[in-house]
Amino acid sequence: EKGGYDYFMLKEIAEQPKAVADTLLGRIDAAGSLSLDEVRIPGPVLREVDKVVIVACGTAYHAGLIAKYAIEHWTRIPCETELASEFRYRDPILDQRTLVIAISQSGETMDTLMALRHAREQGAKVLAICNTNGSTIPRESDAVLYTHAGPEVAVASTKAFLTQLVACYLVALYLGQVRGTKWGDEVRSVVRELSDIATQVDEVLETMEPVRELARSLADKGTVLFLGRHVGYPVALEGALKLKELAYMHAEGFAAGELKHGPIALIEEDLPVVVVVPSPRGRSVLHDKIVSNIQEIRARGARTIVIAERGDEAVRPYADHLIEIPATPVLLQPLVATVPLQVFACELATARGNEVDQPRNLAKSVTVE
Ligand code: M6R
């Protein structure tokens, strides 16, 4: 059942192009409009929404952090993303005009379930993004958008994450479409580019041998840091989480802009630091800033592992290891930038002799609070 792979995780990483394509299937028409008929929250209700709150845990929370950028950019509705386990304890402000999005692969995560119950009690509408048909979270929500990743067996989430991102982008674009905000050429072109992502993920998968080699060479390290900006920041958090749970290594993700507010003190000779570089097109300010961050950490001896768009020559002189990814629109970059980090963590876990599919102390579905 592992389809010739040593681990389910490897199989699931390889299945990502299909998972992404399947999640888009039937949801975009020939004219580039979205038809999410399954989202049974009526148009008038969606047009009244004045706040979006995303609740989720772990990797699904990282998908939610990325969704915040997309939702606010494409719909101009304020959006917050919260850890489900923190949400209801701080007495959040919710009402009938709040749309709560609960993201969960399993649909059984207790923290997320309790958060959505709390939100519904306050009158908010809840949309679930879920990978498991008929599970508790979608059953208790007002509507559900299923991800079509297929069953995910490995404890470390990979293909479910990519499809959660796709679903979040679809919801963001759909909200834009229904409300008429930003529904024009920009969004239409994003929809087209979303349709190319499966091929691009495939391209990334084809070029992973140097990443595996690099991972093996770092097997005896104690710490790896991850830096990103904008949507690259949650990607950095996700890279760090993968490494913690699979390699049992100390790994931390930071917003690169925070470096000088503390974390730069951690930088020492030969410390591996992975940096996710935003596209040099579009938001060039972000790009320039991260290039100086890379220079700063390298000047202090860090071993820089740079994930950047193919053809990004500005980063090359400062990258001890350069991992190139295809060019995508800025907001979609996490779909391709996360893949090398999954491969990196999986290979490091293997090199350290860890159980890849079933890391110690973890369960696939966390049904206790
Ligand atoms: O099933 P869910 O998406 O609700 O699970 C949430 C987290 O427990 C899950 O993403 C966890 O962080 C993964 N093991 C990460 O790889």
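Preceding this section is the structure that the text describes.
These lines cover the structure that appears in this document, whether it is placed above or below. (Residues numbered from 1 in each chain as written. Predicted model: local features only at pLDDT ≥ 70, side-chain atom pairs only at ≥ 80, totals over all residues. Heavy atoms only, no water.)

The full set close to the ligand counts 13 residues, and Ser104, Gln105, Ser106, Thr109 and Glu245 are the nearest of them. Note that an oxygen atom of the ligand is positioned 2.6 Å from one of the side-chain N or O atoms of Ser104. Compared with its free state, where it exposes 410 Å², the ligand has 90% of that area covered by protein. Those elements that provide at least two residues to the shell around the ligand are helix H4 (58-75) and helix H11 (232-247). Considering every element that reaches the shell around the ligand, the biggest residue donor is H4, with three residues. Looking at side-chain class alone, the shell around the ligand contains four nonpolar, seven polar and two charged residues. (Near = heavy atom within 4 Å. Polar contact = N/O pair within 3.5 Å; in protein donor to acceptor, adjacent residues only side chain to side chain. Areas by Shrake-Rupley, 256 points an atom, 1.4 Å probe, with all protein chains shown as cover. Helix = DSSP H or I, 4+ residues; strand = E, 2+ residues; numbered from the N terminus. Nonpolar A, V, L, I, M, F, W, Y, C, P; charged D, E, K, R; others polar.)

Quick look at the sheet that holds strand S2 (residues 79-83) now. One open sheet holds the five strands; their spatial order is S2-S1-S3-S4-S5, and the pairing between them is parallel. Each end of this open sheet is capped by a strand with a single partner; those strands are S2 and strand S5 (143-146). Neighbour to neighbour, the strand axes of the sheet diverge by 20 degrees on average, direction disregarded. For strand S4 (residues 125-130) and S5, the ladder comprises four bridges, and the chain directions are parallel. Its bridge partner being in S5, Cys130 is matched across the sheet by Tyr146. Packed on one face of the sheet, helix H6 (residues 110-121) meets strand S1 (51-56), strand S3 (98-104) and S4 and runs near 165 degrees to S3. (Pairing = 2+ DSSP bridges. Axes fitted to C-alpha atoms, helices over the stretch in contact; angles between N-to-C directions. Contact = heavy atoms within 4.5 Å.)

For H11, built from 16 residues, the straight-helix expectation of 22 Å at 1.5 Å per residue is met to within 8% by its first-to-last C-alpha distance of 22 Å. For H11, the buried fraction is high: 13 of the 16 residues fall into the buried class. Looking one or two residues past H11, Tyr248 carries a phi angle of roughly 55 degrees, positive in sign. (Expected span 1.5 Å × (residues − 1). Buried < 20%, exposed > 50% of the residue type's maximum accessible area, 1.4 Å probe, protein only.)

Within the element layout of this structure, Ser135 appears in the loop between S4 and helix H7 (136-139). A polar atom in the side chain of Ser135 sits 3.4 Å from the backbone oxygen of Ser106. Excluding residues within four positions of it along the chain, Ser135 makes contact with Ser106, Gly107, Glu108 and Cys130.

Moving on to the side chain of Thr136. If you trace the backbone, Thr136 turns up in helix H7. A relative accessible area of 13% means that Thr136 is categorised as buried. There is a polar contact of 2.5 Å between the side chain of Thr136 and the side chain of Glu108. Excluding its chain neighbours within four sequence positions, the residues that come into contact with Thr136 are Gly107, Glu108 and Leu113.

The buried fraction of strand S6 (residues 223-228) is high, at five of six residues. Here S6 runs beside strand S7 (residues 250-255); their pairing, made up of six bridges, is parallel. Along S7, the bridge assignment pairs Gly228 with Ala255. Each parallel crossover has a hand, and the one from S6 via H11 to S7 is right-handed. In this structure, S6 lies alongside strand S8 (residues 272-276), joined through four bridges in parallel fashion. (Right-handed = clockwise from strand over helix to strand, strands pointing away.)

Below, the discussion takes up the sheet that holds S7. Within a sheet, neighbouring strands are paired by backbone hydrogen bonds and run either parallel or antiparallel to one another. The five strands lie next to each other as S7-S6-S8-S9-S10, forming an open sheet whose pairing is parallel. What marks the edges here is a single partner per strand, and that holds for S7 and strand S10 (321-325). Between one strand and the next, the sheet's axes are offset by a mean angle of 20 degrees, whatever the strand orientation.

Turning our attention to the packing of aromatic side chains. Aromatic rings in a pair are described by how distant their centres are and how their planes are angled relative to each other. With the rule as written, the count across this model stands at one aromatic pair. Judged by centre distance (6.1 Å) and plane angle (65 degrees), the ring pair of Trp74 and Tyr169 falls under edge-to-face. Here the residue Trp74 occupies a position in helix H4, and Tyr169 occupies one in helix H8 (residues 159-179), the gap between them amounting to 95 residues. Classification of Trp74 by relative accessible area gives buried; the value is 1%. A cation over a ring is seen here: Arg360 above Tyr248, with NZ or CZ 3.9 Å from the ring centre. (Phe/Tyr/Trp six-rings, centres within 6.5 Å; stacked < 30°, edge-to-face > 60°. Lys NZ or Arg CZ within 6 Å of the ring centre and 35° of its normal.)

Quick look at unusual backbone geometry now. Trans peptide bonds make up the majority, and among non-glycine residues the majority have a negative phi. Within the chain, Arg76 stands out as a residue other than glycine whose phi angle is a positive 60 degrees. As for its placement among the helices and strands, Arg76 is situated in the loop between H4 and S2. With phi around 65 degrees, Asn361 is a residue other than glycine that occupies positive phi space.

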